[in-house]
Every structure is written in C-alpha cells, then in structure tokens.
Amino acid sequence: MTKPLPTVDAMTAPYWEAAQRGELLVPECDSCGHKHFPAEAVCPKCLSNWHWATSPGVGTVYSFSVVRRPAGPGFPDVYVLALVELSDGGWLMTTNIVDIDPDDVRVGLPVKVDFRKESEAISLPYFIPA
Amino acid sequence: MSLRDVAIVGVHATRQARVIDDLTPMQLTLGAINAALDDAGLTRDDVDGAAVGWPGPGGLIGDSTSWARFFGHPLHLVSEGGLDNSGARAVLRAASAIETGLCDVVVVGGGSASGPFVPGGGSPNFTPPAQAARGPIGAGGQLDPWGGYVASNFALVAQRHMHEYGTTREQMAEVAATIRNNGHENPEAVMYDRGPYTIDDVLQSRPVASPFNLLDVCLVAQGGAALVLTSLERARDLKQTPVVVLGGAMEFVRGAWTGGSALRECRDLGKAGAKRTFGMAGLKPDDVDVMCVYDPTSFEVLRAFEWMGLCGEGEGGPFIEGGTIARDGRFPVNPEGGCLSHAWNGVQQMTLKVVEAVKQLRGQAGTRQIPDCDVAFTSMAGSGAMHVEMALLGRA
Ligand SMILES: [Zn+2]
C-alpha cells in the first residue's frame, strides 16, 4: 500500500504538472507579491488574485519532527516531517526531508527540492540536504 | 453589560474510557445533559438554548438544531457543532447570548462513544491513521503526502521553540509527569493508577514525533461532558454556588489544519486574548489559583504560560521547572489529569477543563482540591496551535 497521494484539483493542477517536469511552483500575489503555501483561493495577506511563480526550491529547515509513529499505512516507519523556509521570499512549505539520517536533521539545515516520481500523475517535492 | 452577570450552574463529566462501547453516542450525551441539569437543580423544561452536538441517528449529525424537537418547546439558541459546543468557546458564546437576552438557560456539551450507532465511525482522531486519512481541507492535496497529523504538527511548533529559546526536553517532561501523576490519582481518569511517572519515565518512553515521546502526547479516548449556564440572578436560587465568567476571549490565526504549524504564526496567539480576558475581569494573570488549560502535548502548557503573560516569550520552560505546576505549586495545572491522563475525547475534553475549574471553585474537587481556590483560568486550543479560547472563572 502506498501513502495517500494528493488529489489533483482545478486549482492545483498546474502545480502537479510542473512537479512532473521537476519544477516547483508557488502562488505569488498579483498585488503584494506575497507567496503562500498551500494554495488558497486568494492571497491570504491582501485578498488579491495570485499567479503561479517558479521557485528555485532552495531554503533551510524552519522546523521538523522525526516521526516514528507514522501517519498511516504506506508511510515509512521513520520519516522527517518538515517546514522548509524558502529563499525566494521566506514562504514556508510542508514537506519531508530525505537522503539524510533523520537524527542529523537540524533547524537551519540548508536544503533543496528533489522530485520523486510516486505515480504516473504525481511527482512529489521532497527536500534533500543542499 | 458584563459576562459576570452569567453563571455556570451545572456541570457533569461522564465516564471517560479508551472505548465506550456499551453506550450509544446519544445515550452518553443524554446522560451528560441530564446529569448537568440535575447538578443545577433544573430540568429540560428550563432549557431554551442548546450547544450540544447532535449524535444521531437521524437529524443532521453535529447540528444542535436537531435537539429542538426534544425539549418540548422552541429553542432560542443553537450551534452548528464542533468546537462551538465545547469548553471556553461554548461558555463565552452561551454567556453572551444569555447576557444580551437572546435566551435564558443554555446547555453545552456532547460526547463520543462507539455503542451500536456511531455516525461517521466513532473514535476521535488525535493520532493516526484517522487524522491523516481525513486530510486537510481545501489544500488541494498539497499537504496530504507528508505524514503530518495532530501530534506531529504540534511537534513542529515545539521543535522550533526549543531551537529559538533553548526549551528542554526535561522541561516538557516535567509538565507531562506532573499532569499524568494527577491523573494517576484520579479514579475518573482513563490513566488512573497507571503511574506514578518520573521525568525520566517520560524521556525514556517510546518516541512518537520528535521532540515528543509517547508520554508527552495525550491519549485518545471517549466520553462526554455538559455544562448549564443561566443568568446570575437566576443562579442565586439554584442548587450550587454560582460560578461566574469573570472574563474571556477567543483568538484565531489560521483555519484548522490548513498548513504545517509554524511558531512564527502562533507566537503571539493568545496574548491579546489574555490581555482582554484579564482586563475584563480587573485581575492579573498572577491572581490565578488553578489553571485548567489545553494539554494535547506537554509543550503546549509551556506556551500557555507565555501567552498568558505569566512569563516572558520563550521563558515557559524555565518558569515551570521545579514544581510550579504541581498541585501544591504556585500555578497548579490540570489537577484532574488533563488530556494527558484524564481524557482527550474528540472535542469535549475542552468542556472537561471547565467542569474541573467549576468543581475547584465550588470546593468540590475532593482529594485534589486546590486550597483557597478563588480564580480559575480555563483554555482550549488546537489545530497545531492556530486558535485559543479562554475563560476566567470565579465565584459570584
Ligand atoms: Zn497579496
């Protein structure tokens, strides 16, 4: 059994299409430039419309939790749930840090996005040490 | 117009247990309502407001409007469910409605059980896999694959707090051990007689989601609770010593589970509310005699001391060290065992906080009675620290 994969909907379809190309997108406000995650109907800062911008996908670990009681079937026995603070504007993204001993993850660790193909339609933006 | 013209006149906590499979949710909920009314010396004929989750079957599950037919007369206040029916939030909503004259007697509460009819499948979802399976609302699935759930989301706040302020595992473990030891001595607690616990026991317990071990996070159980509120004027003729709402506030910074929980979003959550609450009461945080605060994890209790203003930002850890929150300490926390040991039962654990605060203020807390208890602070919170509601209670 695999872990739950995202349901692609009208709002997030471009995000998941870009992910298959290895490109990280982020909602960027048309008016104030604020970036947010996950995508919401309007900019949470000023209520304006937003567009998808490309993120370089680099940043640092803002916080993390080494999870040893997995969220459900299909999750690894141990994984690192993390909030990454992206360098392009300091927006926070929920992800997993991989390719590192979980016990070595620290707040402030430099990381970069690394897409992993999970199904025909879905590649997920994991983060690895930069 | 003042909240303190409204009193909590009846309280009841049902049996709490890992699983309650000999009662339907309706039986459990009715038991809570009837016992709280009995405690007050009132009957269902007196009630004209209900903020009680409708358990079904039939009706709209959760929507308290469904109770309207069962009181024999129209209701003047209802609630659509969830946290509006529990704890400090429900108390403040009911008190506001009574004070403004919208209604006269409100019942608050509900319960979870897995007897014969269980709409939606029963057990609450503090821990996986139920919480993970539910998924975030409106996030287009961008949060789904990462394995966040309630405990691991709260963990993200705690871990960042440790990084920024040097908060230690030992400080969190003291919170967990203290509250769990309270539950160990409370026959009504799910974890009654399962201790006692030392700080080291908490540190050595099985890792769940760092920095939390098993004993740092609350247990999942079932059970119910109910409160009855009316005007202070009417309360003076009822059975119990009236407990009034001295002040209160609600504060929200983000919708439930719409993102990983970040300390930078919730750092100030509760500060304005606490100012408002104590200002309304004409009291200081230092005047509090007992704290019945939300303890889904050991860490959230440390944060409560910070947003209440009892210590500076980031100083919650050192502040509680050395017995501050023990029953004989300066600020006793959750003398009945809290969510960590008494029960976390879905949403009504928030109401259990109010029940305990009222019992302490009435002097009915038995062997766990805090001496000279005049002011009780009760709070609820959640969603990985994205909202907090609080009520300050005292005798009339
Ligand atoms: Zn904007």
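Structure: above.
Residues numbered from 1 in each chain as written. Chains lettered and ligands numbered in written order. Predicted model: local features only at pLDDT ≥ 70, side-chain atom pairs only at ≥ 80, totals over all residues. Heavy atoms only, no water.

**Some words on the overall build of chain A**
To be explicit about the condition: By definition, any uninterrupted DSSP run of H or I lasting at least four residues is a helix, any uninterrupted run of E lasting at least two residues is a strand, and each is numbered from the N terminus. In this setup the radius of gyration rests on C-alpha atoms only. A globule is expected at 2.2 Å times the number of residues raised to 0.38. Each residue gets one of three labels from its accessible area relative to the maximum for its type: buried under 20%, exposed over 50%, partly exposed in between, using a 1.4 Å probe on protein chains only. Areas reported as accessible are Shrake-Rupley estimates using a 1.4 Å probe. Residue values count occlusion only from the protein chains shown. For the purpose of counting charges, residues Lys and Arg are taken to be positive, whereas Asp and Glu are taken to be negative. His and the chain ends are not included. Where a charge lies is defined by one atom per residue type, namely NZ (Lys), CZ (Arg), CG (Asp) and CD (Glu).
The helix and strand inventory of chain A stands at 1 helix and 7 strands. Beginning at the N terminus, the succession of helices and strands in chain A can be written as α-β-β-β-β-β-β-β. The C-alpha radius of gyration computed for chain A amounts to 15 Å, which stays within 12% of the reference 14 Å derived for 130 residues, consistent with globular compactness. Looking at chain A as a whole, 50% of its 130 residues are labelled buried. For chain A, the exposed area adds up to about 5,700 Å²; of that, 52% sits on carbon and sulfur atoms. Taking the 10 positively charged and 16 negatively charged side chains of chain A as two groups, their mean positions are separated by 3 Å.

**Things to note about the coordination of the zinc ion**
Residue and element names in this part refer to chain A. The condition that has to hold: Coordinating N, O and S atoms are those within 2.8 Å of the metal (3.2 Å for Na, K and Ca), and as water is not part of the atoms, a site may appear to have fewer donors than expected. Only four donors with every angle between 85 and 135 degrees are called tetrahedral; only four or six donors with opposite donors over 155 degrees apart and all others between 65 and 115 are called square planar or octahedral, in that order; all others are irregular.
Within the protein, the zinc ion binds to C29 (SG), C32 (SG), C43 (SG) and C46 (SG); these donor distances fall in the range 2.3 Å. Bound by 4 donor atoms, the zinc ion shows angles of 98 to 117° at the metal and therefore tetrahedral coordination geometry. On the primary sequence, the residues serving as donors to the zinc ion are separated as C-x2-C-x10-C-x2-C. One end of the pair, C29, is in strand β1 (residues 24-29); the other, C46, is in the loop between β1 and β2 (50-55), with 17 residues separating them in the sequence. Among the residues examined, C29 registers a relative accessible area of 4% and is labelled buried. Of the residues examined, C46 reaches a relative accessible area of 31% and is grouped as partly exposed.

**Here's the deal with the interface of chain B and chain A**
What counts here: Contacts between residues were defined by any pair of non-hydrogen atoms, one from each residue, lying within 4.5 Å. In this description, buried area is defined as the sum, over both parts, of the accessible area (probe of 1.4 Å) that is lost when the two are combined. By definition, a salt bridge exists where a carboxyl oxygen of Asp or Glu is found within 4 Å of a side-chain nitrogen of Lys or Arg. Under the rule applied, a polar contact is a pair of N or O atoms within 3.5 Å (in protein, one hydrogen donor and one hydrogen acceptor; residues adjacent in sequence only if both atoms are side-chain atoms). Residue type decides the class: Asp, Glu, Lys and Arg count as charged, Ala, Val, Leu, Ile, Met, Phe, Trp, Tyr, Cys and Pro as nonpolar, and the leftover types, Gly among them, as polar.
In this complex, chain B contributes 36 residues to the contact, which on the side of chain A involves 42 residues. Together, Q142, W146 and R264 of chain B form the three largest contributors to the area buried by chain B at its contact with chain A, with a combined 27%. Where chain B packs against chain A, one counts 1 salt bridge. As a salt-bridge pair, R264 of chain B and E85 of chain A come within 3.3 Å of each other at their nearest N and O atoms. At the junction of chain B with chain A, the criterion picks out 16 residue pairs in polar contact (both at pLDDT 80 or more). Breaking the side of chain B that touches chain A down by element, the ones donating at least two residues are α4 (150-165), β4 (207-209) and α8 (263-266) of chain B. A per-element tally of the side of chain B that touches chain A places α4 of chain B first, with 7 residues. Here the side of chain B that touches chain A is built from residues that sort into 15 nonpolar, 15 polar and 6 charged.

**Describing empty space enclosed by the protein**
Residue and element names in this part refer to chain B. What counts, and what does not: Here a cavity denotes a set of grid points, spaced 1 Å apart and computed over the protein atoms alone, in which a 1.4 Å probe fits but from which it cannot get out, and a pocket denotes an open set meeting protein on both sides within 12 Å along at least five of seven lines; residues with an atom within 4 Å of a point are reported as lining. Grid points are joined across faces, edges and corners, and a volume is the space filled by probe spheres set on the points.
In this structure the tally under the stated criterion is 4 cavities of 30 Å³ or more. Taken as a whole, the second largest cavity holds about 80 Å³ of empty space. Lining the second largest cavity are V293, Y294, E300, R303, A304, W307, S379, M380, A381, H387 and V388. Residue assignment for the lining of the second largest cavity shows that the elements contributing at least two residues are α10 (298-308), β9 (375-382) and β10 (387-395). Taken together, the residues of the lining of the second largest cavity sort by class into 7 nonpolar, 2 polar and 2 charged.

**A short note on the packing of aromatic side chains**
This is how the line gets drawn: Centres within 6.5 Å are what make two rings of Phe, Tyr or Trp a pair, Trp counting through its six-membered ring; a difference in plane orientation under 30 degrees is then read as stacked, over 60 as edge-to-face, and the rest as tilted. For a Lys NZ or an Arg CZ to count as sitting over a ring, it must be within 6 Å of the ring centre and within 35 degrees of the ring normal.
All chains considered together, the criterion is met by 14 aromatic pairs over all chains. Summarising the aromatic geometry, the rings of W54 of chain B and F70 of chain B are spaced 5.2 Å apart at their centres and angled 35° between planes, so their arrangement reads as tilted. One end of the pair, W54 of chain B, is in the loop between β2 (49-52) and α2 (87-99); the other, F70 of chain B, is in the loop between β2 and α2, and 16 residues separate them in sequence. Residue classification places W54 of chain B among the buried positions, given a relative accessible area of 5%. An angle of 10° between the planes, with centres 5.7 Å apart, marks the rings of F278 of chain B and F377 of chain B as stacked. Taken as a pair, F278 of chain B in helix α9 (residues 271-281) and F377 of chain B in strand β9 lie far apart in primary sequence, 99 residues in all. This pair shows no difference in class: F278 of chain B is buried, exactly as F377 of chain B is. Of the aromatic side chains, those joined through ring pairs into one cluster are Y15, W16, W50 and W52 of chain A. Note that R180 of chain B overlies the ring of Y197 of chain B, its terminal NZ or CZ placed 5.9 Å from the centroid. Above the face of the F331 of chain B ring, R330 of chain B is positioned so that its terminal group lies 4.1 Å from the ring centre.

**Considering the sheet that holds strand β3 (residues 105-112) of chain B**
Residue and element names in this part refer to chain B. Let me state the cut-off plainly: At least two DSSP bridges between two strands are needed for those strands to be called paired. All axes here are fitted lines through C-alpha atoms, helices being fitted over the stretch that makes contact, and every angle between N-to-C directions spans 0 to 180 degrees.
Taken together, the 8 strands give an open sheet; going across it, the order is β2-β3-β6-β1-β7-β10-β9-β8, and neighbouring strands pair in mixed fashion. What marks the edges here is a single partner per strand, and that holds for β2 and β8 (290-292). Here the average twist between neighbouring strands, direction ignored, is 25°. Note: strand β7 (residues 243-252) against β10, 9 bridges, orientation antiparallel. Bridge assignment links G248 to a residue of β10, and that residue is A391.

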